[in-house]
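Spelled out, the chains give:
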Amino acid sequence: MEGLSVADANLVMYLHPSKSRNVSQSILRELGSLLFKFNETFDGVLLAYDVNILDKQAKILSGVHPYFGLRLKANLLLFSPKPDMLLEGKVVKLSQESIHVIVLGFSSAIITAENIRGEFKYRTKDTEELFASKSHKRHVIKVGTMIRFLVKSFDEEILHIIGSLISAHTGSIRWLDRHLEEDSEFDRSSMKSRDREWLGDKTVDEGATPMSYDNHIKMSKKRRITE
Amino acid sequence: MGLELPKYPEMEEDQVFNFTDSEIVSHVKQALASVLSGDNNSYNQLVGVMHHSKHLAPDEVALLETTLKALAGAVSSIDITYHDSLLSAIFCMSMWNYGPHVADALAELIVSLAISNGKYLDLCLGMLVSNFTPPPYFLDKLKMPHGLERKGQVLSRVHAAFKKIADYVPLAPLRLLTIVLQGMPTIYHKDRAIVIYVENMLKLESGEIGELVGSTILMAVVDRLIELDVEIGWDAILQDDFSKGIFEMELEDVDDIEESAEPDVGEFRLSRKSLAGNSIAELLDNLLVLTFEHLESCEREGRLAKVFETLLQSFQFVMFYACALDPENCGMRFATMLADLFVQDSQPQPTRMSAVSYLASYLSRAKFLAASSISSMLKRLVDWCLEYCEAHDGDINPNAHRVFYSGCQAIMYVLCFRMKVFVDVPRLKSELLIPLEQVLKHKLNPLKVCLPSVVEEFLRQAKAASLFTVCKTFIFDGLLESELSRAFGGLERLDTFFPFDPCLLKKCDSFIRPMFVFWSMVKPTHDDAFDDDDDDDGSSDDYLVQDFVNENEDIMNDEFGKSFDEQGVDMDDFDYALKKMSITPKATSNYKFGGRFQEPARMPSRIRPSTSPESL
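Residues numbered from 1 in each chain as written. Chains lettered and ligands numbered in written order. Predicted model: local features only at pLDDT ≥ 70, side-chain atom pairs only at ≥ 80, totals over all residues. Heavy atoms only, no water.

1. Overview of unusual backbone geometry
Residue and element names in this part refer to chain A. Of note, T127 is a non-glycine position whose phi angle comes to about 60°, a positive value. With respect to the secondary-structure elements, T127 resides in the loop between β9 (120–125) and β10 (128–133). For T127, a relative accessible area of 81% corresponds to the exposed category. Phi at L159 is positive, roughly 60°, even though this residue is not glycine. Inspection of the secondary structure assignment puts L159 in the loop between β12 (146–155) and β13 (160–164). (Helix = DSSP H or I, 4+ residues; strand = E, 2+ residues; numbered from the N terminus. Buried < 20%, exposed > 50% of the residue type's maximum accessible area, 1.4 Å probe, protein only.)

See below:
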């Protein structure tokens, strides 16, 4: 998944004198208040941070309130989706007009009907709503499916993404990964390794033969049972 | 008034039912799209349907419902600039005006709008929040069964909509929080909107998104309560009669001024009667009842401990009630927190002094606290005071040792209420009372500095219980406070600060009352022989009067509770009261600790010998 990055930042944080008694707590609080908000300086949404104080000495600013400036070094996890990036998320709502997705558990995305390629047709199967591909019977998108979509625009205030499923590389991740061999445009290994990182706790070694998404799940399930 | 029904193409009366949902949706989409090309006809008709809200005929209701549902399906075609008249019509709609089906359709539309585009999210949440309160004409109907039914219907849909939006837009609760807090009616809104608004806020706290927004909402509610409390403080106190001692406050006197023997005593007492007409007091009362009921439901759901952490910063009777619901955890946590605040050198002085005053008042008044808890807290205070004495070898100096004196006063105050606890247990006597004796006899001389009424009562009880002997006799002549006590109390008068004095608000008092220790309940009956004061009025009538006063105190408390818990004490009143005391010595002799009445005429006229005391 694109859009996630880790940044090293040199920060200077200015604290009010009342915070001088417990500096580390104040720093964490200040940084905490920036979480899940879009920050112009970082050009992204701050998701996580790890911070170290560089210098025990801090310069005091002269003024009505003598704020003091602390130099910090921080590792920041940032999320900054840009147009034409591919993102992955889980479908939470599906209707004829739109597909609603949640990315990384906090950002909402919508893909409206006009941004869904003609290949997908809306169907109701046993009261379950889904989008099924006309050309590939197995390619189905319904509530709970993880899909990959293209970013059209990103609302920085609400962290709301408008996405599209027009491009051929978009759709249900499960199906896409299984059929990646057919897709010559993609760099398979980099895609897979990115998937592996994203899939988190699934332990797969780099040197193994390429496995499909389902096998990933099966393997880790087996591991969990034996442990 | 006539509504022109939008003309769907090829529509005749009987063909309406033949349209499928998707056909209607596509027609609406067409109408919306046509605006971009300049053709506003069908669009304007659509807007017209939205605006029509009062006195709808059944087919108009059906039309509205259908239109709303169709719009819900067509949200992707709504443009924020071209269709702003439609949007403003939608956002002005109030669910209170409609029946359940239309309300459902409207809620669905709002949810769809909110999740379709970030631009609409705040507007939609705002629309839902504005539905917390009914339109003005409806406020009176709220009490009637029809009104209550509508209220339940609307609010359940509103909160369900919040949940749905939060499911699809995870960060929505944060935005909702800001909107809810901004939309809170101020206490100056004379209509009852704030009560129902707070009801909604508390519902949010206990609802499914409560985890995310709960603590901030609680704090906002509490802030409002505090605002109201302060408002009462300035409104209702005109002149207060401070010649009365602290321990007689509850033995209240007549409400009517005419019955008073002193013609120049023309004051309003901060009694329940004077608060009765006060609308702000009523508002506060209602809100407190809401809060208490909310706490009860928290307790039932087992969430009280979590909610308590938030409340720790808050309003005193809310705290009291919360502690009462869970004495072992919350009750002790509160007491420990206060004690911690007191002993920390790093805290500012006024904070430490108010903390110990809160602690003293709390330990005295909380019926639900175990004797062991009280004694352990007291022991902590006594030990701290003893340490302080040993570290400071100075003479009496009210200003320099303010924290110390407030600590001593707190101990004495608690012992006045809880003497029985310590007299019966010999171990406590040695653990607690021996160090206490050392403290009291130290050069710093707290007995001289602390509030005379407290000291007097404490010494009287101590003598009666033979706790220890005091070498000097302290004669205060019924003084409320002395120069020295005022000196340590400082500008904030923390020497007379007893926050948990009886609650004056009628409705919420019924919640508090069962767990509250009134002075009458623990007051020892003094024998004449122990009376240090020389005003020996000794006729047997007085004892009868005294006993009746004791027995009937609960009746009196019902009407005439008095409290000093207002922090905004006016210095002018004090001076006035002091001057009064010197002018009218007769008055002061009435108001001794324990309130012996010399003049039966001062007895409330309601109380007759044949009246039997009401049980609590």
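2. Brief notes about the interface of chain B and chain A
On the side of chain A, 19 residues touch chain B, which itself brings 18 residues to the contact. Taken as a group, I115, Y168 and L171 of chain B account for 33% of the area that chain B buries against chain A, more than any other trio of residues on that side. At the surface where chain B touches chain A, the tally comes to 2 salt bridges. Of the charged contacts in the structure, one is a salt bridge between R175 of chain B and E157 of chain A, with a shortest N-O distance of 3.1 Å. Counting residues per element, the ones that place at least two in the side of chain B that touches chain A are α1 (21–36), α5 (100–116), α6 (118–130) and α7 (145–168) of chain B. In terms of residue count, the dominant contributor to the side of chain B that touches chain A is α6 of chain B (4 residues). Tallied by class, residues from the side of chain B that touches chain A come to 7 nonpolar, 6 polar and 5 charged. (Contact = heavy atoms within 4.5 Å. Buried area = accessible area lost by both parts, 1.4 Å probe. Salt bridge = Lys/Arg side-chain N within 4 Å of Asp/Glu carboxyl O. Nonpolar A, V, L, I, M, F, W, Y, C, P; charged D, E, K, R; others polar.)

3. Some remarks on the packing of helix α18 (residues 402–424) of chain B against helix α21 (residues 452–464) of chain B
Relative orientation and spacing of two packed helices are given, respectively, by the angle between their axes and the distance between those axes. All names here are of chain B. Look at α18 against α21: their axes get within 9 Å of each other, and the N-to-C directions meet at 50°. Considering the angle they form, α18 stands oblique to α21. In this structure, α18 crosses over α21, and the sense of that crossing is left-handed. Across the interface between the two elements, Q409, M412, Y413, L415, C416 and M419 from α18 touch V454, V455, E457, F458, Q461 and A462 from α21. Of the residues contributing to the contact of α18 with α21, the split by class is 9 nonpolar, 2 polar and 1 charged. (Axes fitted to C-alpha atoms, helices over the stretch in contact; angles between N-to-C directions. Parallel < 35°, antiparallel > 145°, perpendicular 65-115°, else oblique. Left-handed = near helix turned anticlockwise from the far one by under 90°.)

4. Digging into a nonpolar patch on the surface
Side chains of V12, Y14, L61 and Y67 of chain A sit close together on the surface and give an oily, nonpolar patch of about 360 Å² of accessible area. For L61 of chain A, the location among the structural elements is in the loop between β4 (59–60) and β5 (68–79). (Patch = residues over 30% accessible without salt bridge, like charges linked within 9 Å, V, L, I, M, F, W, Y side chains within 5 Å. Areas by Shrake-Rupley, 256 points an atom, 1.4 Å probe, with all protein chains shown as cover.)

5. Side note on helix α3 (residues 58–73) of chain B
Residues and elements named next belong to chain B. Taking 1.5 Å of rise per residue, 16 residues should cover 22 Å, and α3 covers 23 Å from first to last C-alpha, within 8% of that figure. When we look at burial in α3, the residues that qualify are E60, L63, L64, E65, T67, L68, A70, L71, A72 and G73. Structurally, α3 contributes buried residues whose contacts are with α1, α2 (41–51), α4 (84–92) and α5. (Expected span 1.5 Å × (residues − 1).)

6. Let's talk about the sheet that holds strand β11 (residues 140–142) of chain A
Residue and element names in this part refer to chain A. Read from one edge of the open sheet, 3 strands run β9-β10-β11, paired in antiparallel fashion. Two strands lie at the open edges of the sheet, namely β9 and β11, each paired on one side alone. On average, adjacent strands in this sheet sit at an angle of 30° to one another, irrespective of strand direction. Pairing analysis gives 6 bridges linking β9 to β10, with the strands arranged antiparallel. Within β10, the residue paired with Y122 across the bridge is F131. (Pairing = 2+ DSSP bridges.)

7. A look at the state of the cysteines
All names here are of chain B. Tallied over the full model, the rule gives 0 disulfides over all chains. Of all cysteine sulfurs in the structure, the one in C385 sits closest to C408, which takes part in no disulfide; the separation is 4.2 Å. Cysteine C450 remains unbridged, with the sulfur of C408 as its closest cysteine sulfur at 5.5 Å. Since its relative accessible area comes to 0%, C450 is described here as buried. (Disulfide = S-S within 2.5 Å.)

8. Brief notes about the packing of aromatic side chains
Residues and elements named next belong to chain B. Here the structure, examined in full by the defined rule, presents 25 aromatic pairs over all chains. Each ring, one from F320 and one from Y362, has its centre 6.3 Å from the other, and the planes form 90°; the classification is edge-to-face. In this pair, F320 sits in helix α14 (residues 316–325) while Y362 sits in helix α16 (residues 349–365), placing the two residues 42 residues apart along the sequence. Relative accessible area serves as the criterion here: at 0%, F320 is assigned to the buried category. Take Y362: its relative accessible area is 0%, and that puts it in the buried class. Note on F334 and F500: the rings are 6.4 Å apart at their centroids and 85° apart in plane angle, and the pair reads as edge-to-face. Within this pair, whereas F334 is found in helix α15 (residues 327–343), its partner F500 is found in the loop between α22 (483–489) and α23 (506–512), the two being separated by 166 residues in sequence. The residues F334 and F500 share a single accessibility class, namely buried. A connected cluster of aromatic rings, assembled from ring pairs, spans F320, F334, Y358, Y362, F368, F500, F516 and F518. (Phe/Tyr/Trp six-rings, centres within 6.5 Å; stacked < 30°, edge-to-face > 60°.)

9. Points about a positive patch on the surface
The grouping of K121, R123, K134 and K137 of chain A at the surface amounts to a positive patch. Mapped onto the elements of the fold, K134 of chain A is located in the loop between β10 and β11. (Lys, Arg positive; Asp, Glu negative; His and termini not counted. Charge placed at Lys NZ, Arg CZ, Asp CG, Glu CD.)

10. Here's the deal with the packing of α1 of chain B against α3 of chain B
All names here are of chain B. Interhelical geometry of α1 versus α3 gives an angle of 75° and a closest axis separation of 8 Å. Judged by the angle between their axes, α1 and α3 are roughly perpendicular. Across the interface between the two elements, I24, V25, V28, K29 and L32 of α1 pack against T66, A70, L71 and G73 of α3. Taken together, the residues of the contact of α1 with α3 sort by class into 6 nonpolar, 2 polar and 1 charged.

That's the geometry; what it means functionally is another story.
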